[in-house]
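Topology and contacts: notes
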Amino acid sequence: MVRYRHRRAEDADLGLRLKELAAQRRRFGYRRLNQMLKRERTVVNLKKVRRLYSEERLQVRRRGGRKRVMGTRAPMAIPQAPNQRWSLDFVSDVMTNGRKLRILAVVDDFTAECLCLIADTSLSGLRVTRELDSVIAGRRRPLMIVSDNGTEFTSMAILRWSQERAVDWHYIAPGKPQQNAFVENFNGRLRDELLNETLFSSLAEARTMLADWRLDYNTQRTHSRLGWLTPSEFANRNVQDKQRLLGAASQGSAPIAVASTAQTGNHQAEILQKTGS
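Residues numbered from 1 in each chain as written. Predicted model: local features only at pLDDT ≥ 70, side-chain atom pairs only at ≥ 80, totals over all residues. Heavy atoms only, no water.

**Details of the overall build of the protein chain**
Tallying secondary structure elements over the protein chain gives nine helices and five strands in all. Counting all 277 residues of the protein chain, 36% fall into the buried class. Across the protein chain, every contact between residues at least 6 apart in sequence was considered, and the portion connecting residues at least 24 apart equals 61%. Put simply, the protein chain shows about 18,600 Å² of open surface, and 51% of that area lies on carbon and sulfur atoms. (Helix = DSSP H or I, 4+ residues; strand = E, 2+ residues; numbered from the N terminus. Buried < 20%, exposed > 50% of the residue type's maximum accessible area, 1.4 Å probe, protein only. Contact = heavy atoms within 4.5 Å. Areas by Shrake-Rupley, 256 points an atom, 1.4 Å probe, with all protein chains shown as cover.)

**Digging into the pattern of salt bridges**
This model, assessed by the stated rule, comprises 15 salt bridges. Put simply, R51 and E55 hold a salt bridge, and the shortest N to O gap is 3.3 Å. With R51 and E55 both in helix α3 (residues 46-55) and four residues apart, the pair spans about one turn of that helix. One network of salt bridges, with partners in common, ties together D120, R127, E131 and R207. (Salt bridge = Lys/Arg side-chain N within 4 Å of Asp/Glu carboxyl O.)

**Describing the pairing of strand β3 (residues 114-120)**
It is a general feature of regular strands that their side chains alternate between the two faces of the sheet. With seven of seven residues buried, β3 lies mostly within the body of the structure. Taking the residues between adjacent antiparallel strands as the criterion, strand β2 (residues 100-108) and β3 are bridged by five residues, where A112 takes a positive phi near 65°. (Pairing = 2+ DSSP bridges.)

**Quick notes on the environment of A23**
Position of A23 among the secondary structure elements: in helix α1 (residues 9-24). The exposed category is assigned to A23, whose relative accessible area is 56%. Each C-alpha atom of the pair A23 and L58 lies 8.9 Å from the other, and the pair is 35 residues apart in sequence.

**What to know about the confidence of the model for the protein chain**
Here the protein chain averages 83 in pLDDT, and 82% of its residues register 70 or above. Note on residues 254-277: pLDDT is under 50 here. Beyond four places in sequence and across chains, it has one contact. (pLDDT = per-residue confidence, 0-100.)

**Considering the packing of aromatic side chains**
Within this structure, the stated rule accounts for nine aromatic pairs. Consider the rings of W161 and W169, whose centres lie 6.2 Å apart with planes at 85°: the pair is edge-to-face. For the pair formed by W161 and W169, the shared burial category is buried. Centre to centre, the rings of W169 and Y171 are 6.4 Å apart; their planes meet at 35°, and the pair counts as tilted. Of the two residues, W169 and Y171, neither departs from the other in class, the shared state being buried. (Phe/Tyr/Trp six-rings, centres within 6.5 Å; stacked < 30°, edge-to-face > 60°.)

**Considering the nonpolar core**
Grouped together as the largest cluster of nonpolar side chains are 20 residues, with contacts concentrated most on W86, L88, L104, L132 and W169. Every element with two or more residues in this core is listed here: β1 (85-94), β2, β3, α4 (125-138), α5 (156-165) and β5 (168-171). The element that contributes the greatest number of residues to this core is α4, accounting for four residues. (Core = buried A, V, L, I, M, F, W, Y, C linked by side-chain atoms within 4.5 Å.)

**Focus on the sheet that holds β5**
The mixed open sheet is built from five strands, whose spatial order is β3-β2-β1-β4-β5. Looking along the sheet, the strands with just one partner apiece sit at the ends: β3 and β5. Sheet twist, expressed as the mean angle between neighbouring strand axes with direction ignored, is 20°. (Axes fitted to C-alpha atoms, helices over the stretch in contact; angles between N-to-C directions.)

**A few points about unusual backbone geometry**
Of note, the phi angle at A166 is positive, near 55°, even though the residue is not glycine. By the element assignment, A166 lies in the loop between α5 and β5. Residue A166 is classed as exposed on the basis of its relative accessible area, which comes to 55%. Of note, the phi angle at W228 is positive, near 60°, even though the residue is not glycine. Positionally, W228 belongs in the loop between α7 (203-219) and α8 (231-251). On the basis of relative accessibility, which here comes to 61%, the residue W228 falls in the exposed class.

**Looking at α5**
Of the positions making up α5, those classed as buried are A157, I158, W161 and S162. Here the buried residues of α5 occupy an arc of 125° about the axis, which is enough to place them on one side. In α5, the exposed positions angled more than 90 degrees off the buried face are occupied by Q163 and E164. Residues of α5 that are buried make contact with α4, β4 (144-147) and β5. A positive phi of about 55° marks A166, the residue just after α5. (Arc of directions from axis to C-beta.)

**Some words on the pairing of β1**
When you tally the buried positions in β1, you get eight out of ten residues, the bulk of the element. Here three bridges tie β1 to β4, and the two strands are oriented parallel to one another. In the sheet register, W86 faces β4, and the bridge partner there is I145. Pairing of β1 with β2 involves nine bridges; the strand directions are antiparallel. Bridging from a neighbouring strand, V91 pairs with I103 of β2. Counted along the chain from β1 to the antiparallel partner β2, the turn is five residues long, and its residue G98 has a positive phi close to 90°.

Written out as structure tokens, the structure is:
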């Protein structure tokens, strides 16, 4: 019994070239790739191009949204010094005129200091980078920043800023706010002590009251985690301890003699008397 076996020798070369073009132009569909083949003087039926396009699984996937930052997901170590790690988050509220209010909170995870409270009706990723630069101008650059996966923190402005400033940006897992516990605890205190107790009639009033509360939080509010010191007192004590250690190290850096140096003249005289010379 004889059966017909169809051979498509030319399809192998055509499929290979189609894959090469698709690799160069990843967002091109089969129609546009067919036009590129025609420009190379390769006249092929559009149906054949579509068939090979499907067989090679070159279909263009739809984008699932705009490009966002992925960041790091490695386990975080507990900070052991100021500016090793900052935490960022947004807090929302409503003014008496019905306008929404967004507040950017930045906290040092080691000293528990509130580094800034920025209030506005909207805060973009670019605005966040400007506020971070303002904070860094008054203190050292952090080694790491922790935040959630909000659109402001996953924007290209944040990616560019973290690369230019050499700051490691860590994103917590989605739906896991406990991984950013330091700033979440701060947000709870802010809402309980100020936002739930105050009605803001204007943006200017909100900014003034937030600045006063931040000053009181850093200089008057004690924390059990800090040995019942205020964040400012804890930060100052850390600086003093570091200076004390550096001073002790500088004083103890000179080598100490194990034995006193012998007096050469007297020792030689004693030797002469014993030998009788």
